[in-house]
Amino acid sequence: MSDGHTEHATKTDITRRAALVGLGVAAAGYVAFGPTPRDKVPSGRIVLDYWEKWTGSEGLAMRRLVDRFNQSQTDIFVRYLTIGSIDQKAMIAIAGGSPPDIVGLWSFNIPAFAEAGALLPLDELARSKGLSPDRYARAVWPMMTHRDQLWSMVSTCGTVALYINDDKLSEAGITDSPAPTTLEELDELSEALTVRRSSGDIESVGFIHTDPGWWSWLWGYHFGGNLLDIDTNSATANSEANVRAYEWVQSYPSRMGSRDLLKFQSGLGYYGTAQAPFLTGKVAMQIQGPWMANLIEAFDPDLNYRAIPMPTTRAQLDQESPVGLIDGDLMVIPAGAKNPEASFEFIAWMQQRTQIEELAQAHGKISPLRETTAEFLATHPNRSISTHAAIADSPRAFGFPKTRVWPRYVSEFDAAFQRIWLQETDPASALTLVNERAQFALDEAADRRHRRGR
Amino acid sequence: MSRDRIQREPLRQRLAGLVWVSPWLLGLLFFFAIPMGMSMYYSMTEYTMLEPPLWIGAENYTSLLSDPVFIKTIWNTLVYAGFVIPLSIVLALAIAGLLDTDSRVSHIVRLMVFAPTVVPLVASAMIWLWLFNGDNGLINSALSIFGINGPNWLHERGFAMAALIVMSLWSIGQPVVIYLAALQDVPKHLYEAGSLDGMGPIRKFVHVAMPSIAPAVFFNSIIQTITAWQIFAAPYIMTEGGPDRSTYFYSHYLYDNAFLYQRMGYASAMAWVQLVLISVCILGIYAITRKLWSTRS
Amino acid sequence: MTDGSKRWQISGRVSRLMLLSLIGMTFAMPLIWMAATSVKPESQAMQQGFSLLPDPPGLAVDGLKDNYAAVLNDTTVNFPLYLRNTIIVVFLGITGCVVSSVIVAYGLARVPMPGRKSLMVITVGTMLIPFPVLMAPLFMLYTKIGWIGTFAPLYAQFFFGNAFSIFLMTQFFRSMPKELEEAARVDGCGHWLTFRHIVLPLSKTAIAVVVLLHFTYMWNDFLAPLIFIVDRDKFTLMLGLQLYQSKAGQTPWNLLMAASLLTLLPVLVVFVIANKAFTRSSLSGAVKG
């Protein structure tokens, strides 16, 4: 055995060595002659680094606009960079003293960045370009400000509405029924649309609060509640309206059975794939933003859908001013960035109707401007875009609560929501706990702010 | 000259090693000592990263003690580690024992066992989400063959933790490789003696091989302890810490504090506490293994 | 040998083979699904259930062509460039790590010096330090010395040694028989010459192990590039992969799986080549406490 084996071993040793050398040569050749960075920056221009979060088709749409801006310019060149976890990266870069020129943040980032003095106030620059609140839809300007100062300018935004899969309705024999406007009507419709298999397992549901589960905290707003009293810096998570809202939320698992519902939920596909529950009909109604149209277009263009404002309690019902969340992507200039004027040149250019509508359409979002062209609405990929636009103009549209401790607040809320959904607790005590923890964070932040002498 | 040299040699000789380790001394200073000093300072401040640090003394450490989430993540991490470390040791040892031959099959299986350790986490998390799908995932479908109605793995308290433990056992390629190496060192004649004594393969493995690879077991359990305390990416993608924080781990909370809540000072304090906790765990493991093996050899 | 024990041995071998296949399949199953997903059209990518082949199966051929071509030619995710970056970083990191760790380890193992024991303890101790402790301060330091915007934060520190590799190599050197080195010393060789001519040639396999472990570590490292690499043209493969995944947007899972498989391949090739080194007896000395 030993002789044959050694011979075999040396042979494989040689081929192994050859393979290693080959691999090394290939790698070296690749490094020497391989691809090099594609972006070439023209000389003699001010180069602005613009960090944005979008990839794929959304990123391409922004890149097209940036290219067009660059062609129109002789002094400024914007370099579009896609960055993952953009708020964290921006934070590190600002802390390290080498921030980019423009960053596309999420709207909930603004209070934290602004209060820390990490952003350049834009009031003066905006005034010089004639950008005033009345240009924008009613709920958009407040989103860009914090504590009466302007910190950001919108690039895209969207509001959240209730999406209804009309194919599921006709399947269930419900035709020509008026859209639900109150929660009672929603409950009724949802019940009628829920289908169980012969085994008793849930096959599909009308409506659930957990798909998509991105905004566990917003249900109270449809009962007239809110989460923060800015003036007194106090959390209002366990207000009477909120408690009633989450009692309503809990009525769903208690009616359908927590375990059945869990089993159903864990079989749901993921958003952004062809298996997204709204597309497969597993969930006939859900709250979503206008970007939903792009998902439908990509995977099931024949689907019949419409979006209506999320129903409210009967007491809150007012069809003239729908209730809904508004969220947006906001461009900011970090404090300490080297070329604020040039950066704002680009930001202001993006605020022009042509650019902002083109981007909005590509992303399947609403126009943030007050005046929307008929053409924008007519050619928009989302057939219900006017529903979303109406919410953005409503006095009862709401954004993320404006506090720098919001991320802590919402993580408490998410945990409480899961306990409520699993029926492990009653909403009142869960929300009281959230309120305590949130108030603790709010007080701590206020105390530290005070100690910093502000 | 030569006499001079003899006189100087002892000192030069005694210090000769310092030249050899000088790069590492510099590295320790620059990449460890200085950053750790800075982080110690941060842990005594409120540091949002966006503003200059604000000195608050020991406040971060005292508020840790009354932070229920902090306590919860320690508990979760200990539960996770308590399952993963022994399970991975037993499983990796068993697999290494089976693979300890020079056959073609063994080499192919080695590759299969090693491959998962190098699958990028984004991809492997998706793979496991698919496997654990409660309604019609592969695992529940397999269970239903035996008439078992599988749980909703990632959505139920307890099962979500179990799912993460199972997933972590999928990537035990590194310890297997190290055990395989250690097994090469077991003298062949001991095996033969075992055979003559009429031992079966399992008894041979336990009585002959185990004592020689005990140091490797210790080594791996230390590495496993460290990685268990640092588990982050898999739950971050798969359960986001839920349901109700039942899979919310220490490193995840630390990361959230540092970057999501902008409490870098608090996170630094957590990191220092983590260092202490890991050291305690390792001392515990050291005590256990020494007791176990000192009775043997 | 009696008939009975022979039969026992054969059945033992068969059951061992079956057990091995079972283990292999269990570990390979998720990978097979990954490969299967990588050749599906996007509309079927995350379909539930068992279907390994797209429907109709003929689509797999198109998928193989289209998806992999899409990964390699993507305009926003410049995969070939990230591969090049990764090779550069990994090569520099390994070179630095091996050269310095081997020298430092030999010094620790064999050359007299004061405080050797405490240095060893500190070295092992650094492995226990959670990366987040160092993250923010290192970023500040790297910014000060102008390393942000370069590859240096990813490899430079390994030129000063790497605790895990130093530890492994030290244990290996200690397990070597002292006689060889003593003979060389009697012949008048200093530490350096002994190391260079006697010890190094005997350490090839141990070094191979260090190279491999460090290679896998650096190839898969995600957190350090995530924190320190800002410029998209300097992304590594792991960062590039993340670009495929956007939390609320559409993730092309088929492309993500194809890209993951492509990044996985080089590591598997290296593992196959080095399988022997992993299992030769050299490492066993290294892990003895």
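Residues numbered from 1 in each chain as written. Chains lettered and ligands numbered in written order. Predicted model: local features only at pLDDT ≥ 70, side-chain atom pairs only at ≥ 80, totals over all residues. Heavy atoms only, no water.

### What to know about the overall build of chain A
Consideration 1: Across its full length, chain A carries 18 helices and 15 strands.
Consideration 2: The principal-axis extents of the C-alpha atoms in chain A amount to approximately 80 × 80 × 55 Å.
Consideration 3: Buried positions account for 57% of the 454 residues belonging to chain A.
Consideration 4: Sequence-distant contacts, at least 24 apart, represent 76% of the contacts inside chain A between residues at least 6 apart.
Consideration 5: Total accessible area on chain A stands at roughly 18,400 Å², and carbon and sulfur atoms take up 52% of it.
Consideration 6: Counting 43 positive and 55 negative side-chain charges, chain A places the centres of these two groups 6 Å from one another. (Helix = DSSP H or I, 4+ residues; strand = E, 2+ residues; numbered from the N terminus. Buried < 20%, exposed > 50% of the residue type's maximum accessible area, 1.4 Å probe, protein only. Contact = heavy atoms within 4.5 Å. Areas by Shrake-Rupley, 256 points an atom, 1.4 Å probe, with all protein chains shown as cover. Lys, Arg positive; Asp, Glu negative; His and termini not counted. Charge placed at Lys NZ, Arg CZ, Asp CG, Glu CD.)

### Some remarks on the domain arrangement of chain C
All names here are of chain C.
Consideration 1: Once the domains are mapped, chain C shows domain 1 (3-58) and domain 2 (79-286).
Consideration 2: Facing the 11 residues of domain 1 at the interface are nine residues of domain 2.
Consideration 3: Summing both partners gives a buried area of about 780 Å² for domain 1 against domain 2, and 78% of it is carried by carbon and sulfur.
Consideration 4: Scanning the region where domain 1 abuts domain 2 turns up zero salt bridges.
Consideration 5: The tally of links from domain 1 across to domain 2 stands at one residue pair in polar contact (both at pLDDT 80 or more).
Consideration 6: Class assignment of the residues belonging to the side of domain 1 that touches domain 2 gives a composition of seven nonpolar, two polar and two charged. (Domains from an automatic or database assignment. Buried area = accessible area lost by both parts, 1.4 Å probe. Salt bridge = Lys/Arg side-chain N within 4 Å of Asp/Glu carboxyl O. Polar contact = N/O pair within 3.5 Å; in protein donor to acceptor, adjacent residues only side chain to side chain. Nonpolar A, V, L, I, M, F, W, Y, C, P; charged D, E, K, R; others polar.)

### Brief notes about the pairing of strand E12 (residues 283-288) of chain A
All names here are of chain A.
Consideration 1: Most of E12 sits out of view: six of its six residues are buried.
Consideration 2: Examined bridge by bridge, strand E7 (residues 161-165) and E12 share four bridges and lie antiparallel to one another. Residue pairing in the sheet places Ile 164 in a bridge with Met 285 of E12.
Consideration 3: In the sheet, strand E9 (residues 202-207) pairs with E12 via two bridges, with the strands oriented parallel. Looking at the pairing, Val 205 lines up with Val 283 of E12. (Pairing = 2+ DSSP bridges.)

### Let's talk about unusual backbone geometry
Consideration 1: Asp 211 of chain A connects to Pro 212 of chain A through a cis peptide bond whose omega is -10°.
Consideration 2: Examined against the element boundaries, Pro 212 of chain A turns out to sit in the loop between E9 and strand E10 (228-229).
Consideration 3: Unusually for a residue other than glycine, Asp 148 of chain A sits at a positive phi of about 65°.
Consideration 4: Notably, Asp 244 of chain B is not glycine yet its phi reads approximately 45°, a positive angle.
Consideration 5: Among the secondary structure elements, Asp 244 of chain B is positioned in the loop between helix H11 (233-238) and helix H12 (250-260).

### A short note on the interface of chain A and chain C
Consideration 1: Counting from both sides, the interface comprises 45 residues of chain A and, opposite them, 41 residues of chain C.
Consideration 2: For the pairing of chain A and chain C, the buried interface totals around 3,500 Å² over both sides, and the portion due to carbon and sulfur atoms is 58%.
Consideration 3: Our enumeration of links across chain A and chain C arrives at zero salt bridges.
Consideration 4: If you look at where chain A meets chain C, you find four residue pairs in polar contact (both at pLDDT 80 or more).
Consideration 5: At the level of elements, helix H1 (2-33), helix H2 (56-71), strand E2 (76-82), helix H3 (86-95) and helix H12 (292-299) of chain A are the ones that each hand at least two residues to the side of chain A that touches chain C.
Consideration 6: Tallying contributions element by element places H1 of chain A first for the side of chain A that touches chain C, with eight residues.

### Overview of empty space enclosed by the protein
Consideration 1: The final tally for this structure, using the stated rule, is 10 cavities of 30 Å³ or more.
Consideration 2: The computed volume of the largest cavity comes to approximately 230 Å³.
Consideration 3: For the lining of the largest cavity, the secondary structure elements donating two or more residues are helix H18 (427-451) of chain A together with helix H2 (59-65) and helix H13 (264-294) of chain B.
Consideration 4: A per-class count over the lining of the largest cavity returns six nonpolar, five polar and eight charged. (1 Å grid on protein atoms, 1.4 Å probe; cavity = no way out; pocket = protein on both sides within 12 Å on 5 of 7 lines; lining within 4 Å. Points joined across faces, edges and corners; volume = space filled by probe spheres on them.)

### Remarks on the sheet that holds E9 of chain A
Strand pairs in the sheet, formed through backbone hydrogen bonds, run parallel or antiparallel to each other.
Residues and elements named next belong to chain A.
Consideration 1: Pairing is mixed across the open sheet formed by five strands, whose spatial order is E8-E9-E12-E7-E13. Two strands close off the open sheet at either side, each with one partner strand: strand E8 (195-196) and strand E13 (305-308).
Consideration 2: Sheet analysis places E8 next to E9, joined by two bridges and oriented antiparallel. The partner of Val 195 across the bridge, within E9, is Ser 204.
Consideration 3: Across the sheet, helix H9 (residues 240-256) is in contact with E8 and E9; its angle to E9 comes to roughly 155°. (Axes fitted to C-alpha atoms, helices over the stretch in contact; angles between N-to-C directions.)

### Let's talk about the packing of helix H5 (residues 121-131) of chain B against helix H7 (residues 159-170) of chain B
Residue and element names in this part refer to chain B.
Consideration 1: Following both chains from N to C, one finds H5 and H7 inclined at 125°, their axes separated by 11 Å at the closest point. The angle between H5 and H7 places the two elements in the oblique class. Seen along the crossing, H5 lies across H7 with a hand that is right-handed. Contacts between H5 and H7 involve Leu 121, Ser 124, Ala 125 and Trp 128 on the former and, on the latter, Val 166, Met 167 and Trp 170.
Consideration 2: Taken together, the residues of the contact of H5 with H7 sort by class into six nonpolar, one polar and no charged. (Parallel < 35°, antiparallel > 145°, perpendicular 65-115°, else oblique. Left-handed = near helix turned anticlockwise from the far one by under 90°.)

### Side note on the nonpolar core
Nonpolar side chains in soluble globular proteins tend to be buried together.
Consideration 1: Of all hydrophobic cores here, the largest spans 334 residues; its most connected members are Trp 217 and Phe 346 of chain A together with Phe 173 of chain C.
Consideration 2: In terms of residue count, the dominant contributor to this core is helix H3 (residues 79-110) of chain C (15 residues).
Consideration 3: Apart from the residues lying within four places of it in its own chain, the contact partners of Phe 346 of chain A are Tyr 50, Met 62, Val 66, Phe 69, Val 78, Ile 102 and Met 331 of chain A. (Core = buried A, V, L, I, M, F, W, Y, C linked by side-chain atoms within 4.5 Å.)

### Description of helix H17 (residues 406-421) of chain A
All names here are of chain A.
Consideration 1: The end-to-end C-alpha distance of H17 is 22 Å, a good match for the 22 Å that 16 residues give at a rise of 1.5 Å each.
Consideration 2: Counting buried residues along H17, 14 of its 16 residues qualify, which places the element largely inside the surrounding structure.
Consideration 3: Backbone geometry just downstream of H17 places Gln 423 in the positive-phi region, at approximately 60°. (Expected span 1.5 Å × (residues − 1).)

### Let's talk about the interface of chain B and chain C
Consideration 1: With 89 residues of chain B at the interface, the matching set in chain C holds 92 residues.
Consideration 2: Carbon and sulfur atoms supply 81% of the area that chain B and chain C bury against each other, a total of about 7,800 Å² over both sides.
Consideration 3: The interface formed by chain B and chain C holds zero salt bridges in total.
Consideration 4: Run the count over chain B and chain C and you get five residue pairs in polar contact (both at pLDDT 80 or more).
Consideration 5: Looking at the side of chain B that touches chain C element by element, the count peaks at 23 residues for helix H1 (residues 2-42) of chain B.
Consideration 6: When its residues are assigned to classes, the side of chain B that touches chain C shows 66 nonpolar, 18 polar and five charged.

### Here we look at the environment of Arg 263 of chain B
Consideration 1: Looking at the secondary structure, you find Arg 263 of chain B in the loop between H12 and H13.
Consideration 2: A C-alpha to C-alpha distance of 30 Å links Arg 263 of chain B and Ile 222 of chain B, two positions 41 residues apart in sequence.
Consideration 3: Not counting the four nearest positions on each side in its chain, Arg 263 of chain B is found in contact with Arg 408 and Glu 444 of chain A together with Tyr 47, Tyr 253, Asn 257 and Ala 258 of chain B.
Consideration 4: Of the polar contacts made by the side chain of Arg 263 of chain B, one reaches the side chain of Glu 444 of chain A; its length is 3.4 Å.

### Some details on a nonpolar patch on the surface
Consideration 1: Taken together, the side chains of Leu 11, Leu 15, Leu 18 and Leu 25 of chain B make up a nonpolar region of the molecular surface, amounting to roughly 310 Å² of accessible area.
Consideration 2: By secondary structure assignment, the location of Leu 11 of chain B is in helix H1. (Patch = residues over 30% accessible without salt bridge, like charges linked within 9 Å, V, L, I, M, F, W, Y side chains within 5 Å.)

### A word on the environment of Met 210 of chain B
Consideration 1: Along the chain, Met 210 of chain B turns up in helix H10 (residues 201-229).
Consideration 2: Along the backbone, Met 210 of chain B and Val 186 of chain B are 24 residues apart, and their C-alpha atoms lie at a distance of 9.0 Å.

### Side note on the packing of aromatic side chains
Consideration 1: One pass over the structure, following the stated rule, counts 62 aromatic pairs over all chains.
Consideration 2: Ring geometry for Phe 232 of chain B and Tyr 236 of chain B: centres 5.1 Å apart, planes at 35°, overall tilted.
Consideration 3: Note on Phe 232 of chain B: relative accessible area 16%, which makes it buried.
Consideration 4: In this structure an aromatic cluster arises from ring pairing among Trp 106, Phe 108, Trp 217, Tyr 221, Phe 398, Phe 400, Trp 406 and Tyr 409 of chain A.
Consideration 5: One cation-aromatic arrangement involves Lys 53 of chain A over Trp 106 of chain A; the distance from NZ or CZ to the ring centre is 5.3 Å.
Consideration 6: Sitting above the plane of the Tyr 136 of chain A ring, Arg 135 of chain A keeps its charged end 5.3 Å from the centroid. (Phe/Tyr/Trp six-rings, centres within 6.5 Å; stacked < 30°, edge-to-face > 60°. Lys NZ or Arg CZ within 6 Å of the ring centre and 35° of its normal.)

### Here we look at the packing of helix H3 (residues 68-99) of chain B against helix H8 (residues 173-183) of chain B
Residues and elements named next belong to chain B.
Consideration 1: Between H3 and H8, the least distance of the axes is 9 Å, while the angle of their chain directions is 50°. Considering the angle they form, H3 stands oblique to H8. Note that H3 runs across H8; the crossing there is right-handed. Residues Ile 89, Ala 92, Leu 93, Ile 95, Ala 96, Gly 97 and Leu 99 of H3 lie in contact with H8, whose contacting residues are Pro 175, Val 176, Tyr 179, Leu 180 and Leu 183.

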